[in-house]
Amino acid sequence: MQPFTTLTGIAAPLPLINVDTDKIIPAHWLKTIKRTGLGAGLFEALRFDGDGRERPDFVLNREPYRRAVILIAGDNFGCGSSREHAPWALLDFGIRCVIAPSFADIFHNNCYKNGILPITLPQDQVDLLMKEAETAADPTFTVDLEAQLIHRPTGNAPLPFRVDPANRAKLLQGLDEIGTTLAKVAAIDAFEARQRAAQPWLYRAA
Amino acid sequence: MARTLFDKIWDGHVVEQNADGTCLLYIDRHLVHEVTSPQAFEGLRVAGRAVRRPDATLAVPDHNVPTSDRRKGIADETSRIQVETLERNCAEFGIPLFGMHDVRQGIVHVIGPEQGFTLPGMTIVCGDSHTSTHGAFGALAFGIGTSEVEHVLATQTLVQTRPRTMRISVDGELGFGVTAKDVILAIIGQIGTAGGTGHVVEYAGSVVRSLSMEGRMTICNMSIEAGARAGLIAPDETTFAYVRGRPMAPKAGAFEQALAYWRTLPSDPGASYDREVALRAADIEPQVTWGTSPQDVAPISGRVPDPVAAPSQDRRMAMERALAYMGLEPGTPLQEIRVDRVFIGSCTNGRIEDLRAVAKVVAGRKVAGTVEAMIVPGSGLVKEQAEAEGLDRIFKAAGFDWREPGCSMCLGMNPDQLRPYERCASTSNRNFEGRQGKLGRTHLLSPAMAAAAAVTGRLTDVRTLV
């Protein structure tokens, strides 16, 4: 996983609430057996019409937002299915940070596994950033995970944010979580031995 | 200290408490399907890692499988490759698989309970958000992404942060024609699609206790539609009777030993929750959704709401967008909305009791001439049982298409999809834009209500038919 330290680039405003994972990447894209190439299907129904032509009014089809690396969205972003194809599609498109008043739990977890930073901010602050992303001549923001600050194109004071320490460390270092857990194999072995003694039926099924 | 059902399961599975506040949590059972696993197996291969406990893992193809004649195989090449990839991965890593032609094949959340793979007190995961279904057994069950699937395959654990707890109590007695599906839709309507975010929900109260396992699974299944990764119901005699004798459930002495443990699981009297919500059964009517989020729900006697009355600007815009997508006008009585398709099935409502409820409504009636209606059993064994009970003959006589088991039109990864602008009464779990097919319009409701819509050709209060 690519570490996340600071990210500088265009932020695209997407003022919709309850953006579900079917909207982020429709089910027919889930037939792939790879992680890559899903950017083409990102927000498919919003980005393209029935004939596959770009909808000119959709934010990611407009300059400068076509080059967005940050997405600013409404409440409950990423609700619905557990498909990790949703963060894969964002990443493949080039988006590495999503800012919203709240996120659905599974999507939120999936972001951290892929080097994407989900930032939760109060509604009024999201509204403020959304407006700046919409109106600034050059809507370039810098997200600094080390300092937990968002630098704004208006030159106004940077906005602080907070990410829980475990996830922050994971992103900053780009850790291989499986490798870290496998280093604790002795503790897992010991747990299984205890559980097998107390609840032997768990080891007889399947 | 008094502990909740959740506390007991969580505490019993902590391998290690990390300094950063996370836990390494042991996972007892892992269900795998073809859509969210290929990249996880590929990750194992690349890193040269093995599956730690194939004996605690069970795989089945369900999302991509055709529900019509399977002797021809899977026509769509990408779907076929995904199912074949699952078969190859299971063979390579030694994981038990119920293949497409196995009578035990079905939707992953139907077959787990059916086989006794799902048991009280367990931690259960699957790369699928509707894993919350298994919480009906008093198991802590939640959906995970593909990276976590890989983590569980390799380590049989997950790194997790302890969620908050919420108790939703439904007390009283359900009215005539009101089912588990109506209860969970009413709950989502009340707390909203993000109401359970960050929480594990325990469903309690006399209504929940009186439900069958099928009804409890319907409720826990849609926990995720309220934002909660997991829903739980205390195991009781109904649970134990369902589990006893299942192929993978413990037998004889081992069952008695397990039972003694399972009886210790229900929340202690006086245990506290981070949040409490209560609903009165008497207030719940048969429900139907009118919009593009499961929280966009109303009693069947109601009307399409007016966005003008929305509590916020964001909400008003979302409602306007939903009504435009659904092709509905504010103020329209829900019972005047005509449907083109009816879909009965899914991990929410594809079990035998659901099919019996449908049969009760449609027996001696005909599907309306303007409606295309299909029934997709949740598993091969559900199909077999329905046929043994003669339900298939009732369905076919009424004009329903009786299909092979799978996820089918719940998400339309196989050929079962809505055509643009078609309106569907569906027993599934999500009415998102495009969910059942590009530009398709979904109304979520109970199996009995779907059956009523099939015979009248419009959304209908089933209580007027039975």
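Scroll up for the structure.
Residues numbered from 1 in each chain as written. Chains lettered and ligands numbered in written order. Predicted model: local features only at pLDDT ≥ 70, side-chain atom pairs only at ≥ 80, totals over all residues.

## Describing the sheet that holds strand β1 (residues 14-17) of chain B
Rules: Should DSSP find at least two bridges between two strands, the strands are regarded as paired. The way it works is that DSSP assigns letters per residue, a run of H or I at least four long becomes a helix, a run of E at least two long becomes a strand, and they are numbered from the N terminus. Every axis in this analysis is a line fitted to C-alpha atoms, fitted for helices over the stretch in contact. Angles between the N-to-C directions lie between 0 and 180 degrees. A pair of residues counts as a contact when their C-beta atoms, built from backbone coordinates, are separated by no more than 7 Å.
Strand order in the open sheet formed by 3 strands is β1-β2-β7 (chain B), and the pairing between neighbours is antiparallel. Of all strands in the sheet, those with a lone pairing partner are β1 and β7 (157-160) of chain B, marking the two edges. For this sheet, the mean angle separating the axes of adjacent strands, direction not counted, is 20°. Bridge count between β1 of chain B and strand β2 (residues 23-26) of chain B: 3 bridges; the pairing is antiparallel. Across the sheet, Glu 16 of chain B pairs through a bridge with Leu 24 of chain B, a residue of β2 of chain B. Running at roughly 140° to β1 of chain B, helix α8 (residues 185-198) of chain A makes contact with β1, β2 and β7 of chain B of the sheet.

## Some words on the environment of Val 83 of chain B
Residues and elements named next belong to chain B. Here Val 83 shows up in helix α3 (residues 77-93). Residues Val 83 and Ala 141, spaced 58 residues apart in sequence, show a C-alpha to C-alpha distance of 24 Å. Setting aside anything within four residues of it in sequence, one finds Val 83 in contact with Glu 34, Pro 61, Asn 64, Val 65, Ile 74 and Met 100.

## Regarding the sheet that holds strand β4 (residues 57-59) of chain B
Residues and elements named next belong to chain B. The strand order β4-β3-β5-β6 describes an open sheet built from 4 strands, whose pairing is parallel. The sheet terminates laterally at β4 and β6 (140-143), the two strands that pair on one side only. Across the sheet, the axes of successive neighbouring strands diverge by a mean angle of 15°, strand direction being ignored. Across 3 bridges, the pairing between strand β3 (residues 29-32) and β4 is parallel. Residue pairing across strands places Leu 31 opposite Leu 58, the latter belonging to β4.

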